[in-house]
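Examining the three-dimensional arrangement
Chain residues, written in single-letter form:
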Amino acid sequence: MEDRKFTLRQIPKVDEVLKMPGIEDLTGVYPRELVVEAVRKTLDEIRQIIIEGRVDNGGGGGWNGPEGIRGRVVSEVERMTRPNLRRVINATGVVLHTNLGRAVLSPAAIEAVYMAASGYSNLELDLDSGKRGSRYAPVEGVLSRLTGAQSSLVVNNNAAAVLLALGTLARGREVVVSRGQLVEIGGSFRIPEVMEQSGAVLREVGSTNKTYPDDYRRAINERTALLLHVHTSNYRIVGFTRETTVEELAALGREAGIPVMSDLGSGSLLNMDQFGLPPEPTVQQTVAAGADVVTFSGDKLLGGPQAGIIVGKKELLDRMKKNPLTRALRIDKLTVAALEATLREYLDVRGVVQNVPALRMISSGREQLRSRAEALSLLLEDAAGERAGISLEKDQSAVGGGAMPTADLPTWLVSVKPAGMAVEELAGRLRQGNPAVIGRIRDDRLLLDVRTLLKDEDMILAGALAAALGRE
Ligand SMILES: *Cc1c(COP(=O)(O)O)cnc(C)c1O
């Protein structure tokens, strides 16, 4: 192998590389430690290349002396200094993809975040009286109007909402829950463990598939603090089943003088069956059914920022507001801004489905998606040339975010079958781009679901595909 003309002994020292023209300049721009780290990494890489016999004198995988080292160090520094959090084009078809940041905000919510971030705001100042106000005030009125609840509180996420509610209302006392509702939501949120953290004592009743009102009634004693109903967001028990409804629990609670809490998880404000989805109890229905406390996420079906929303009886919410934990779990001004704007979208009953991206995506019909997919496939054919075969496929999308696991969301996919490259390689290159593109791999095809693409992303996606296939 003539190409193998470099040996381990020829690899320069870190100090020598740092003095090389083109690299020395870097230390004037970036912290010296960062450049040193990039040089070390580069030299390690070159050592590895030589050991594995991959030296090819300048081509793809090798190094070619000082020039090659410089190039590698510069790209390493670029890699190290570019933002880690990057824009991603979500072509997975999973609308509320937790790994991709769940809900995309509405234009009004984005504007509100921009306003709150770029200047001062009356976050905790009551502009009428000039006195100190509550950071929850901007959302309290609209939450009551939308849900019919007396009072509300917003914390960091729904896991925090459940923790705060249990810790305030049931610390050191018993909470009665059905065995069919001891759920685990992704990312290690488990009802029994949250209960333990809150200091409440779990009192399981019934069985996995059947729990009757009488099971709760028999468990009630002088230590009982709360009857808890948990929405089994991410799974369904089907067949021979019986769950006790919130309404039945509320009747029991009234009889025994014990408050009833419902952890709704997704907590939609709209009837999802209008989109052909399985019926889900809305927040306002749950409040009307008699739940004293209802908790739900801001960034699931609501389509807003990450937040945990608690609505319910004023007396119970007031106790939560006084809990020192509330201070630790409080939301920041950007969340207040985004949440208020998102909730206001729901006051426009006709516009909300189009204005809130999560709802628009969920409600898109297959015919609408078909024309979108056809248009995208033409762009992608152009972008791919001979390097990939483009076609259309029918499939199902998913709501995601641990919501509606059984929902039918018929969709159209654009399928990309690379010709001279493994599909994993293509997917890997698309992930490395900026913006990154994430699709689904099935057999030898990369599948791009148009349901979760935003308005302006088709062209960007085509450009990313061309680059990943080496056509530019
Ligand atoms: C998603 C979910 C949670 C956790 O909500 P986050 O906002 O993700 O913290 C809690 N309970 C239920 C039933 C859920 O579906």
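1. Side note on the sheet that holds strand β2 (residues 94-96)
Pairing within the open sheet is mixed, and its five strands lie in the order β2-β12-β13-β16-β15. Two strands close off the open sheet at either side, each with one partner strand: β2 and β15 (440-442). Adjacent strand axes in the sheet meet at a mean angle of 40°, parallel and antiparallel pairs treated alike. Two strands pair when backbone bridges link them, and β15 and strand β16 (residues 445-449) are joined in this way by three bridges, in the antiparallel orientation. Residue pairing in the sheet places isoleucine 441 in a bridge with leucine 446 of β16. Against the sheet, helix α17 (residues 366-384) touches β12 (388-400), β13 (409-418) and β16, its axis set at about 10° to β13. On the sheet, helix α18 (residues 423-432) packs against β13, β15 and β16 and is oriented at approximately 45° with respect to β16.

2. Looking at the side chain of asparagine 323
Counting through the fold element by element, asparagine 323 comes out in the loop between α12 (314-322) and α13 (324-328). In terms of polar contacts, asparagine 323 uses its side chain to reach the side chain of threonine 168, at 2.9 Å. A distance of 2.9 Å separates a polar side-chain atom of asparagine 323 from the backbone nitrogen of leucine 325. Excluding residues within four positions of it along the chain, asparagine 323 makes contact with Leu164, Gly167 and Thr168.

3. So, the sheet that holds strand β8 (residues 224-230)
Strand order in the open sheet formed by seven strands is β3-β11-β10-β9-β8-β4-β7, and the pairing between neighbours is mixed. Edge positions in the sheet fall to β3 (151-155) and β7 (201-205), since each has one partner strand and no second. Neighbour-to-neighbour, the strand axes of this sheet turn through a mean angle of 25°, independent of strand direction. Sheet topology places β3 next to strand β11 (residues 308-312); five bridges connect them, and they run antiparallel. Each bridged residue has a counterpart across the sheet, and for valine 154 the counterpart in β11 is isoleucine 309. Lying over the sheet, helix α6 (residues 137-147) contacts β3, β10 (293-297) and β11, oriented at roughly 120° with respect to β3. Helix-sheet contacts for helix α8 (residues 191-198) involve β4 (174-178), β7, β8 and β9 (260-265), and the interaxial angle to β7 is about 145°.

4. Examining the domain arrangement of the protein chain
What the domain assignment lists for the protein chain is domain 1 (2-81), domain 2 (88-98 + 361-468) and domain 3 (105-355). Each of domain 2 and domain 3 was reduced to a C-alpha centroid, and the two centroids are 34 Å apart. Facing 13 residues of domain 2, the contacting portion of domain 3 comprises 14 residues. Overall, the association of domain 2 and domain 3 removes approximately 1,100 Å² of surface from exposure, summing both partners, and the carbon and sulfur fraction of that is 72%. Where domain 2 touches domain 3, the interface holds zero salt bridges. Summed over the shared surface of domain 2 and domain 3, the number is zero residue pairs in polar contact (both at pLDDT 80 or more). A breakdown of the residues in the side of domain 2 that touches domain 3 according to their chemical character gives eight nonpolar, four polar and one charged.

5. Examining the pattern of salt bridges
In this structure the tally under the stated criterion is 36 salt bridges. Between lysine 321 and glutamate 140 there is a salt bridge, with the nearest N and O atoms lying 3.0 Å from each other. Residue lysine 321 is found in helix α12, and its partner glutamate 140 is found in helix α6; the two are separated by 181 residues along the sequence. The class of lysine 321 is partly exposed, set by a relative accessible area of 29%. One salt bridge connects glutamate 184 with arginine 190, and the closest N-O pair in it is separated by 2.4 Å. On the basis of relative accessible area, glutamate 184 is assigned to the partly exposed category, the value being 39%. Among the residues examined, arginine 190 registers a relative accessible area of 36% and is labelled partly exposed. Residues joined by salt bridges that share partners form a network here, namely Glu393, Lys417, Asp443, Asp444 and Arg445.

6. Quick notes on the environment of proline 418
Within the element layout of this structure, proline 418 appears in strand β13. Residue proline 418 is classed as buried on the basis of its relative accessible area of 10%. Distance in space between the C-alpha atoms of proline 418 and isoleucine 390 is 8.8 Å, their sequence separation being 28 residues. In this structure, proline 418 is in contact with Arg387, Ala388, Val423, Leu426, Asp444 and Leu469, ignoring residues within four places of it in sequence.

7. Thoughts on the site of the ligand
By nearness alone, every residue bordering the ligand is listed as Arg102, Asn157, Asn158, Ala159, Ile185, Phe189, His231, Ser233, Asp263, Gly265, Ser297 and Lys300. Side-chain polar atom of arginine 102 to an oxygen atom of the ligand: 3.0 Å apart, as the coordinates give it. In the environment of the ligand, an oxygen atom lies 2.7 Å from a nitrogen or oxygen atom belonging to the side chain of serine 297. Secondary-structure elements contributing two or more residues to the shell around the ligand are α7 (158-170) and β9.

Rules of the game
- Residues numbered from 1 in each chain as written.
- Predicted model: local features only at pLDDT ≥ 70, side-chain atom pairs only at ≥ 80, totals over all residues.
- Heavy atoms only, no water.
- Pairing = 2+ DSSP bridges.
- Helix = DSSP H or I, 4+ residues; strand = E, 2+ residues; numbered from the N terminus.
- Axes fitted to C-alpha atoms, helices over the stretch in contact; angles between N-to-C directions.
- Contact = heavy atoms within 4.5 Å.
- Polar contact = N/O pair within 3.5 Å; in protein donor to acceptor, adjacent residues only side chain to side chain.
- Domains from an automatic or database assignment.
- Buried area = accessible area lost by both parts, 1.4 Å probe.
- Salt bridge = Lys/Arg side-chain N within 4 Å of Asp/Glu carboxyl O.
- Nonpolar A, V, L, I, M, F, W, Y, C, P; charged D, E, K, R; others polar.
- Buried < 20%, exposed > 50% of the residue type's maximum accessible area, 1.4 Å probe, protein only.
- Near = heavy atom within 4 Å.

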